[in-house]
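Survey of secondary and tertiary structure
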Amino acid sequence: MATTVIKNNPITKPKLQVDSTGKQKRIGIMGGTFNPPHIWHLMAADQVLNQLGLDKILFIPDANPPHVDHKQAIDANDRVEMVRRAISNHHHFELGLMEINRGGVSYTYDTIRALTIAHPENRYYLIIGGDMVNYLPKWYKIEQLVQMVQLVGVCRKGYEQKSNYPIIWINMPTSDISSTWIRDTLKHQGSVRYFVPDAVLEYIKEKGLYQDESHK
């Protein structure tokens, strides 16, 4: 069982292994539907960035998720704008539109392959929540994918830190915050303040998102 665990010690600034040519970048990939983006996405990305000493985190909203239990997402333009607003105050977070621009079903393998072809000098780290680890055997071309990218698992409440795939585990306080919970709460006129960034909540209210069954 190939698993590396980073203990939940106080966070310190890591010593980066700098590429002697100055060309290689260590880039984290945070993909997903972001329907909507919330604080766990941001906290997880920041912990990966700092604990692994990465150069940046690329947030990549998908066009159409290949989930078995497919959940209908709101319009891609709204999801992109929410991600843009969510990450606007972090200098090492960037928005990637490759899956939106490509359209169709968004397979992680296709995205990572395109990135590695375009920038073979870079090293990529794919961030996944602990709740998604059990689904890895069902991912499209998973065996090829793990040869191209380093998997990084982030602990989620109620899920074990184990996998048959090579994963670096990032420990952080666990949470069961989810986009599904946020959508359901908004549908019932509940408060999600502080669970999503203020700029995202303002956009949700401005557009009247997640107010009917189609967005559940």
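Residues numbered from 1 in each chain as written. Predicted model: local features only at pLDDT ≥ 70, side-chain atom pairs only at ≥ 80, totals over all residues. Heavy atoms only, no water.

This is how it is decided: UniProt positions are given in the numbering used here, feature names are shortened, and annotations may be inferred rather than shown by experiment.
In the nomenclature of an unreviewed UniProt entry, the protein chain corresponds to Probable nicotinate-nucleotide adenylyltransferase from the organism Bombilactobacillus bombi. A UniProt comment under Function (unreviewed entry) is attached to the protein chain, and it reads "Catalyzes the reversible adenylation of nicotinate mononucleotide (NaMN) to nicotinic acid adenine dinucleotide (NaAD)."

**Remarks on the packing of aromatic side chains**
Using the following cut-off: In summary, the pairing rule links any two rings of Phe, Tyr or Trp, Trp by its six-membered ring, whose centres are within 6.5 Å, and it sorts them by plane angle into stacked for under 30 degrees, edge-to-face for over 60 and tilted for everything else. Per the convention used, a helix needs a DSSP run of H or I reaching at least four residues, while a strand needs a run of E reaching at least two, with both numbered from the N terminus. Relative accessible area decides the class of each residue, using a 1.4 Å probe on protein chains only: under 20% of the type maximum gives buried, over 50% gives exposed, and in between gives partly exposed. The criterion is that NZ of a Lys, or CZ of an Arg, lies within 6 Å of the ring centre and within 35 degrees of the ring normal, and then a charge sits over that ring.
Following the criterion strictly, the structure yields five aromatic pairs and no others. Relative to Y140, the ring of Y109 lies with its centre 6.0 Å away and its plane at 80°, an arrangement referred to as edge-to-face. With Y109 in helix α4 (residues 108-118) and Y140 in the loop between β5 (123-129) and α5 (142-148), the pair connects residues that are 31 residues apart, well separated along the chain. Its relative accessible area of 36% is what places Y140 among the partly exposed residues. Grouping aromatic residues by their ring pairs yields a cluster made of F34, F59 and F93. The side chain of R156 reaches across the aromatic face of W40, ending 4.1 Å from its centre.

**Let's talk about the side chain of H38**
Structurally, H38 is set in the loop between β2 (26-32) and α1 (39-52). Among the residues examined, H38 registers a relative accessible area of 2% and is labelled buried.

**A short note on the environment of R26**
Just so we agree on the cut-off: Side-chain atoms alone can form a polar contact between residues adjacent in sequence; in general such a contact is a pair of N or O atoms within 3.5 Å, and within protein one must be able to donate a hydrogen while the other accepts it.
Position of R26 among the secondary structure elements: in strand β2. The class for R26 is buried, based on a relative accessible area of 15%. Separated by 31 residues in sequence, R26 and I57 have C-alpha atoms that sit 8.9 Å apart. A polar contact of 2.6 Å, which involves the side chain of R26, links it to the backbone oxygen of L52.

**Thoughts on the packing of helix α2 (residues 76-86) against helix α7 (residues 198-207)**
Which entries qualify depends on this criterion: Note on geometry: axes are C-alpha line fits, over the in-contact stretch for helices, and angles between N-to-C directions span 0 to 180 degrees. With respect to orientation, any angle under 35 degrees is reported as roughly parallel, any angle over 145 as roughly antiparallel, any angle of 65 to 115 as roughly perpendicular, and every other angle as oblique. Every residue pair with non-hydrogen atoms within 4.5 Å of one another is taken to be in contact. In this classification, the charged set is Asp, Glu, Lys and Arg, the nonpolar set is Ala, Val, Leu, Ile, Met, Phe, Trp, Tyr, Cys and Pro, and all remaining amino acids, among them Gly, are polar.
Where α2 meets α7, the axes come as close as 8 Å, and the angle between the chain directions of the two elements is 150°. Regarding the angle of α2 to α7, the classification is roughly antiparallel. Every residue of α7 that contacts α2 at N77, D78, E81, M82, R85 and A86 is listed here: A199, V200, Y203, I204, E206 and K207. Its residues assigned to classes, the contact of α2 with α7 comprises six nonpolar, one polar and five charged.

**Digging into α2**
Buried residues of α2: D78, R79, V80, M82, V83 and A86, and no others. Buried-residue contacts for α2 involve α1, β3 (56-61), β4 (93-95), α3 (98-102) and α7. Between a side-chain oxygen at the N-terminus of α2 and the backbone nitrogen of N77 the separation is 2.9 Å; the capping residue is D75.

**Here's the deal with the side chain of T185**
Turning to its location among the elements, T185 is positioned in helix α6 (residues 179-187). Assessed through its relative accessible area of 15%, T185 is described here as buried. In this structure, T185 is in contact with G190, S191 and V192, ignoring residues within four places of it in sequence.

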